[in-house]
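Here's the letter readout for the chains.
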Amino acid sequence: MILTVEGLSFKYPGREVIRDANFSVSKGDFLAVLGTNGAGKSTLLKCMGRVLKPYKGTVYVGGDDALSLGRRELAKRIGYVAQRNESVRTTVFDAVLLGRKPYIQWEASQKDLEIAREALQMLELEKYSLRYLNELSGGEQQKVAIARAMAQKPELLLLDEPTSSLDLKNQLEVAKIIKRAVKDRHIAAVVIMHDVNLAIRFADKFLLLKDGEIFTAGGIEVMTAGNIEDVYSVRVQVGRIGDVPVVVPV
Ligand SMILES: Nc1ncnc2c1ncn2[C@@H]1O[C@H](COP(=O)(O)OP(=O)(O)OP(=O)(O)O)[C@@H](O)[C@H]1O
């Protein structure tokens, strides 16, 4: 088990946003977290990445309580990419190399530079290497943030809407890259997604969040029209076009 969440509850001052969440993530899982705006998806992901501290419950990373791990150790195990990333005046290469920080003692080794180059290649960003982050489009910046998380070589990727600023082709590419990384590296990814069609096409596990509670979780069998309607309050049909599963609002 890469990650186990037990009895996790979180509140912002005066308001409980996550109630008693229990689930786990294993090697090879591409888990899509779905739910309406404000359901608590980002909050749950932040609790998993120790950006926020739940007031109840525990997050186990491997077998260890996340709270017992040092920053560096946690960063080796978890790569978290927020919904919005600040764009500072660093080059794309340096921003991706930053993913190696938990492994670097004094200065980056040849291996670190090589891993950063690989991550740039993976996201097809080589030609942007020497550009400044604040001179990139929103979608390009989003790909840089994913490349940095890949360079970090964590066991678990936590990605908050990684495709939200991407065009159709890049959405498919990035979803494929995440899926391939999960399978090839024997890691896991927990990915917040708004596009239900992208989720059912690429993810193999699903967690549907409704009003701060896990409505249902499991494999493709939980992605029924009934569950999707209950969570999103939209009537849908679930079907297939060739090999591709599709959800169509009706
Ligand atoms: N810093 C904060 N202080 C107080 N309330 C917050 C804070 N951040 C989020 N919330 C509230 O907590 C609830 C859950 O927010 P969260 O961002 O986790 O939802 P989400 O499911 O990720 O939504 P979206 O799909 O719109 O990104 C929302 O009602 C939101 O208004």
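Predicted model only: the values in this text are computed from it and were never measured.

### Description of the pairing of strand 12 (residues 244–249)
- Relative to strand 12, strand 11 (residues 236–241) is paired through six bridges, and the arrangement is antiparallel. Looking at strand 12, one finds that Val236 is bridged to Pro249.
- Linkage of strand 11 to strand 12, two consecutive antiparallel strands, is achieved through a turn of two residues, within which Gly242 is found at a positive phi near 60 degrees.

### Structural notes on the layout of surface pockets
- Roughly 810 Å³ of volume is contained in the largest pocket.
- Contributing to the lining of the largest pocket are 28 residues, with Ala75, Tyr80, Leu98, Arg148 and Gln152 lying nearest its centre.
- When contributions to the lining of the largest pocket are tallied by element, the ones reaching two or more residues are helix 2 (71–77), strand 6 (78–81) and helix 5 (138–151).
- Looking at side-chain class alone, the lining of the largest pocket contains 15 nonpolar, eight polar and five charged residues.

### A look at the sheet that holds strand 9 (residues 205–210)
- Taken together, the six strands give an open sheet; going across it, the order is 6-7-8-3-9-10, and neighbouring strands pair in mixed fashion. Each end of this open sheet is capped by a strand with a single partner; those strands are strand 6 and strand 10 (213–218). Taken over all neighbouring pairs, the strand axes of this sheet differ in orientation by 15 degrees on average, direction set aside.
- Sheet topology note: the strand 3 (residues 30–34)/strand 9 ladder contains four bridges and is parallel. Each residue of the ladder has a partner; that of Val33, found in strand 9, is Leu207.

### Description of the site of the ligand
- By nearness alone, 14 residues border the ligand, and Gly38, Gly40, Lys41, Ser42 and Thr43 come closest of all.
- Here an oxygen atom of the ligand sits 3.2 Å away from a polar atom, N or O, in the side chain of Arg15.
- Interatomic distance of 3.5 Å between a side-chain N/O atom of Gln83 and an oxygen atom of the ligand.
- Starting from 640 Å² of accessible surface for the ligand in isolation, the protein chains cover 63%.

### Thoughts on unusual backbone geometry
- In this structure, Arg50 takes a positive phi of about 60 degrees despite not being glycine.
- Given the relative accessible area of 16%, Arg50 is considered buried.
- Not every positive phi belongs to a glycine, and Lys153 is a case in point at roughly 45 degrees.
- Take Lys153: its relative accessible area is 35%, and that puts it in the partly exposed class.

### Remarks on the nonpolar core
- Membership of the largest hydrophobic core comes to 53 residues, with the highest contact counts inside it found for Leu34, Phe206 and Met223.
- The element best represented in this core is helix 5, accounting for seven residues.
- When residues no more than four places from it in sequence are discounted, the contact partners of Met223 are Leu34, Val196, Ile200, Phe206, Leu208, Ile228 and Val238.
- Formed by 30 residues, the second largest nonpolar core is a distinct cluster that contains Leu3, Val17, Ala21 and Leu209.

Parameters at a glance
Residues numbered from 1 in each chain as written. Predicted model: local features only at pLDDT ≥ 70, side-chain atom pairs only at ≥ 80, totals over all residues. Heavy atoms only, no water. Pairing = 2+ DSSP bridges. Helix = DSSP H or I, 4+ residues; strand = E, 2+ residues; numbered from the N terminus. 1 Å grid on protein atoms, 1.4 Å probe; cavity = no way out; pocket = protein on both sides within 12 Å on 5 of 7 lines; lining within 4 Å. Points joined across faces, edges and corners; volume = space filled by probe spheres on them. Nonpolar A, V, L, I, M, F, W, Y, C, P; charged D, E, K, R; others polar. Axes fitted to C-alpha atoms, helices over the stretch in contact; angles between N-to-C directions. Near = heavy atom within 4 Å. Polar contact = N/O pair within 3.5 Å; in protein donor to acceptor, adjacent residues only side chain to side chain. Areas by Shrake-Rupley, 256 points an atom, 1.4 Å probe, with all protein chains shown as cover. Buried < 20%, exposed > 50% of the residue type's maximum accessible area, 1.4 Å probe, protein only. Core = buried A, V, L, I, M, F, W, Y, C linked by side-chain atoms within 4.5 Å. Contact = heavy atoms within 4.5 Å.

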